[in-house]
Amino acid sequence: MSTRRMTMVQALNSAMEVMMERDPDVVVLGEDVGYFGGVFRVTAGLQEKFGKTRCFDTPITECGIIGAAIGMAAYGLRPVPEIQFADYVYPGLDQIVSEAARLRHRSNGQFTCPLAIRIPFGGGIFGGQTHSQSPEALFTHMTGIKTVVPSTPRDAKGLLIAAIEDNDPVIFFEPKRCYNGPFDGYYDRPARSWADHPDGEVEEGYFRVELGQARVVREGRDMTVLAYGTMVHVAEQVIAEHRLDAELIDLRTLVPLDIETIEASVRKTGRCVIVHEATRTSGFGAELAALVQERCFYHLEAPIERVTGFDTPYPHSLEWSYFPGPIRVGEALDRVAEAEA
Amino acid sequence: MTDMSRRPNRPQLSLHIPEPPFRPGDEVDYSFFEIPEPDAIARPDEAVDPMDIHGLAYGLIRVLDFEDNAVGSWDPALDPETLLAMLRKMALLRAFDERMHRVQRQGKTNFYVKSTGEEAVAVAQTFALDREDMCFPSYRQPGILFARDYPIVNLVNQIFSNARDPLKGRQLPILYSARDYGFFSISGNLTTQYPNAVGWAMASASKGDDRIAAVWCGEGSTSEGDFHNALTFGAVYNAPCIFNVVNNQYAISSHSGFAGSERTTFAARGIGYGIPALRVDGNDALAVYAATRWAANRARANLGPSLIELFTYRADAHSTSDDPSSYRSAQERSEWPLGDPISRLKRHCIRRGIWDMARQETMDREVAEEVLAAQKEAEQHGILGHGLHHPDETMFQDVYEHMPWHLREQRDQAVRERQIKWPEGEQA
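Position numbers for residues start from 1 in each chain and track the written sequence from start to end. Just so you know, chain letters begin at A and ligand numbers begin at 1, following the order they were written in. Selection of residues for local features in this predicted model requires a pLDDT of at least 70, selection of side-chain atom pairs for listing and counting requires 80 or more, and totals for whole chains, interfaces and linings are taken over all residues.

Caption draft 1: Looking closely at the overall build of chain A. The helix and strand inventory of chain A stands at twelve helices and 14 strands. Here the globule rule reads 2.2 Å times residues to the power 0.38, and the radius of gyration is calculated from C-alpha atoms. The globule rule puts the C-alpha radius of gyration for 341 residues at 20 Å, and the 19 Å found for chain A is close to it. Its C-alpha atoms give chain A principal-axis dimensions of about 60 × 45 × 45 Å. Using C-beta atoms placed from the backbone, we call a residue buried if 20 or more other C-beta atoms fall within 10 Å of its own, exposed if 12 or fewer do, and partly exposed for counts in between. Across the 341 residues that make up chain A, the buried fraction comes to 60%. A separation threshold of at least 6 residues defines the contact pool for chain A, and within that pool the share at least 24 residues apart is 77%. Secondary structure elements are defined from DSSP: runs of H or I of at least 4 residues count as helices, runs of E of at least 2 residues count as strands, and each element is numbered from the N terminus. Placing C-beta atoms from the backbone, we regard two residues as in contact once those atoms come within 7 Å.

Caption draft 2: Looking closely at the sheet that holds strand S9 (residues 215-218) of chain A. All names here are of chain A. Two strands form a pair only when DSSP identifies at least two bridges running between them. Strand order in the open sheet formed by five strands is S9-S11-S10-S13-S14, with mixed pairing between adjacent strands. One side of each edge strand has no neighbouring strand; the edge strands of this open sheet are S9 and strand S14 (305-307). The mean angle between the axes of side-by-side strands here comes to 25°, regardless of whether they run parallel or antiparallel. Pairing analysis gives three bridges linking S9 to strand S11 (residues 246-250), with the strands arranged antiparallel. Residue Arg215 lies in a different strand from S11, and its bridge partner there is Asp250. Contacting strand S10 (223-227), S11, strand S13 (272-275) and S14, helix H12 (residues 326-338) crosses the sheet at an angle of about 170° to S14. Helix axes are fitted to C-alpha atoms over the stretch in contact, other axes to C-alpha atoms as well, and angles between N-to-C directions run from 0 to 180 degrees.

Caption draft 3: A look at the nonpolar core. Put simply, a nonpolar core is a cluster of buried Ala, Val, Leu, Ile, Met, Phe, Trp, Tyr and Cys residues tied together by C-beta atoms within 7 Å. Among the nonpolar cores identified, the biggest contains 214 residues, and Val225 and Ala235 of chain A together with Cys241 of chain B are the most heavily contacted of them. With eleven residues, the top contributor of residues to this core is helix H8 (residues 285-300) of chain B. Not counting residues up to four positions away in its chain, the partners in contact with Cys241 of chain B are Ala197, Val198, Ala201, Ile212, Ala213, Val215, Gly234, Ala299 and Pro305 of chain B.

Caption draft 4: Summary view of the packing of helix H2 (residues 80-105) of chain B against helix H10 (residues 341-351) of chain B. Residue and element names in this part refer to chain B. In the contact formed by H2 and H10, the axes pass within 10 Å of each other and the chain directions differ by 150°. On the basis of their axis angle, the class for H2 and H10 is roughly antiparallel. The handedness of the crossing between H2 and H10 is left-handed. Contacts between H2 and H10 involve Leu83, Leu84, Met86, Leu87, Met90, Ala91 and Arg94 from the first element and Pro341, Ile342, Leu345, Lys346 and Cys349 from the second. Residues are sorted three ways: Asp, Glu, Lys and Arg are charged, Ala, Val, Leu, Ile, Met, Phe, Trp, Tyr, Cys and Pro are nonpolar, and all the rest, Gly among them, are polar. Looking at the contact of H2 with H10 residue by residue, the class counts come to ten nonpolar, no polar and two charged. Any angle that is under 35 degrees is reported as roughly parallel, and any over 145 degrees as roughly antiparallel; angles of 65 to 115 degrees are reported as roughly perpendicular and all others as oblique. The handedness criterion is simple: a crossing whose near helix is rotated anticlockwise from the far helix by less than a right angle is left-handed, and one whose near helix is rotated clockwise is right-handed.

Caption draft 5: Geometry of the domain arrangement of chain B. In terms of domain boundaries, chain B breaks down into domain 1 (50-251 + 261-320 + 328-379) and domain 2 (392-421). Between domain 1 of chain B and domain 2 of chain B, the C-alpha centre-to-centre distance is 38 Å. For every domain, the bounds stem from an assignment made automatically or drawn from a database.

Caption draft 6: Geometry of the domain arrangement of chain A. Residues and elements named next belong to chain A. Domain parsing of chain A yields domain 1 (3-203) and domain 2 (215-338). When each unit is reduced to the centre of its C-alpha atoms, the spacing between domain 1 and domain 2 is 24 Å. Domain 1 puts 30 residues into the contact, and the matching count from domain 2 is 28 residues. Listed by contribution, the elements that provide at least two residues to the side of domain 1 that touches domain 2 are helix H6 (136-140), strand S6 (146-148), helix H7 (153-165) and strand S7 (170-175). Tallied by class, residues from the side of domain 1 that touches domain 2 come to 13 nonpolar, twelve polar and five charged.

Caption draft 7: Molecular detail of the interface of chain B and chain A. Each side of the interface is counted separately: chain B has 35 residues, and chain A has 33 residues. Looking at the side of chain B that touches chain A, the elements with two or more residues in it are helix H6 (193-206) and helix H7 (225-237) of chain B. Here the side of chain B that touches chain A gets ten residues from one element, more than from any other, and that element is H6 of chain B.

Caption draft 8: Structural view of the packing of helix H3 (residues 119-128) of chain B against H8 of chain B. All names here are of chain B. Contact geometry of H3 with H8 gives a least axis separation of 8 Å together with a crossing angle of 45°. As judged from the angle between their axes, H3 and H8 are oblique. Helix-helix and strand crossings are classified by hand; for H3 and H8 the assignment is right-handed. Packed against H3, whose contacting residues are Ala120, Val121, Ala124, Gln125, Phe127 and Ala128, the element H8 presents Ala285, Val288, Tyr289, Thr292, Arg293 and Ala296 at the interface. Here the contact of H3 with H8 is built from residues that sort into nine nonpolar, two polar and one charged.

Caption draft 9: Broad picture of the pairing of strand S3 (residues 241-247) of chain B. Residues and elements named next belong to chain B. Within S3, seven of the seven residues are buried, leaving the element largely enclosed by the surrounding structure. Of the strand pairs in this sheet, strand S2 (residues 213-218) and S3 are connected by six bridges, and their pairing is parallel. Opposite Cys217, over in S3, you have Val245 as the bridge partner. Viewed with both strands pointing away, a crossover whose connecting path from the first strand over the helix to the second turns clockwise is right-handed. Crossover handedness for the path S2 to H7 to S3: right-handed. Two elements, S3 and strand S7 (residues 306-311), share six bridges in a ladder whose sense is parallel. Note on S7: the bridge partner recorded for Asn244 is Ile308.

Structure follows, in structure tokens:
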């Protein structure tokens, strides 16, 4: 299959275009996604190509967007609703948690809910506390939904296609700081683009990256670093700078989790650091730490560490003090690397 | 606490808390209800501009007058077979309710909700819809399933959460789901079905289908944001959806005043959205049928959604967990000025000469026997808490299409726990 250079925005757009071409039941809806093409341009051109009933703007009600999408799914469509920012998803939470997530189970499979809910998330764009949050743990805590987070254009496309084809509701978090280039945490250096990144080369047509499979970004012997979304790139940068022989795993799907890849790695390295941008307390890192110690305790040579955002609202002017950047990640990696059993 | 000593010289504010007209022990007098004549507002053409029929949101569509005649322009002129079929379904539903209430009191299940006094709503509305139209009910519209000839033994199996429960014991009793009967899975969370229904209707329209959606909530839960979000969606996309608000005066113990009835009608909610809004006597099966058919014809003609307020009275408790004598006057039910829906339809049929008391008594006996037979059949497959239920591993099925590893691990644990508890198998 032929490939071309894509940003994450273009890769996501390509995923929807491919799926709308293949399946007339795939529809895209959300605030500003139609004629305008979305505030991040992810749906650009879809309405023009597929018509207004396949890609359309919605009223500003996340409850309505998700609730209507559930009804469309019950009819037999495969809706791909966009929530403009993760910070806006909360009015739709009841529809996701009480309806979409439960419909298959409570109706004994009479009704299903194949939704791929796209949600830009994470900070680093000076969005303040209402355009920066990472609420993935709210969704991983709720059974019946899958939670996916790509970190590169290629994964973004392959995972979104798999999410659209999935017969269960999928929360698809897009790390918006990486829409146009990998972000390594150095906000004070020139922004990088996807143009020279190996995973910015993306197949043009249909392909899947299966849900529930992590990706080993780099192999290593001394420690395992678990990350997803933007933090994959920050961790990769820090590992290189600190010359650590660390194995970096991009989880890609949080639920269902690729526990086999994690276990195999930690059994090999004996050390584990978990990195996420979301707030710390009851974050997904707590779940990962618990799973690793339950399954790999006798292989561990050091305490498991979590590197996270702070338990404050995402601040506007102090964004870079909040963000778990190279200093915070680097300290944790060094501590775990040097810890004596 | 605000410092009140520095209050400026302005009128003192006071907070209003709604109060129902009657409390336990009160003499009930509904003479303040203004009940318009049956044809006070004539039936408009279905293609009418919603702006021209605002009066229907504040009036009350009636067909049966107080002498049990069908009168006026809303009279749907139903044939005797349809009238008697509706009467029988309503009677069957009431008989079912009475028996299921009793089996709950006998401890065979833990929970039940009756439709008493509201039978005309779901039954007559379903008769006015096509069999293929999709219904999104709240928990008090099992009449839809009765009207569509759903096997009532399946309902009892669900209520008992037994080995034949079509929902495998996963849902609270009466939260049915029946896709093949155009009956959406009842959530238990309130009014979430409103946006779901409008989405289904949008999908039907976008596919060039000819099926429409109908959705129900109570007057109390019109306060939920989902209600208003759905009406916005319905109006914006001209969705073929009938929005029904069953105003039975009470949300558990809270009078409709807590949903806004002191100021306006629930039908009037539709006016702000530019949606045709009808207010109908919910205890008049013919008026309910007529209003629903009007809205259905309009939706089917691609003229979009309508809102119907079905003005009725919850004649019994909210559920088996509720005791209404602790918050409302017992006289309300007998004094309700719009009567009982089954009695009114029965009297109308008798007046038309197509029915008589002897046949009514025969029918009442037959529906009671039908319900009892369904109960006995269901009991062979277990009652709640007595061993005959779906196997433990079914709890883990259908959470996802394919069971992920963490649920497989938890399933194995559950199966192991049961083997420890019942080493020789559970005794029914």
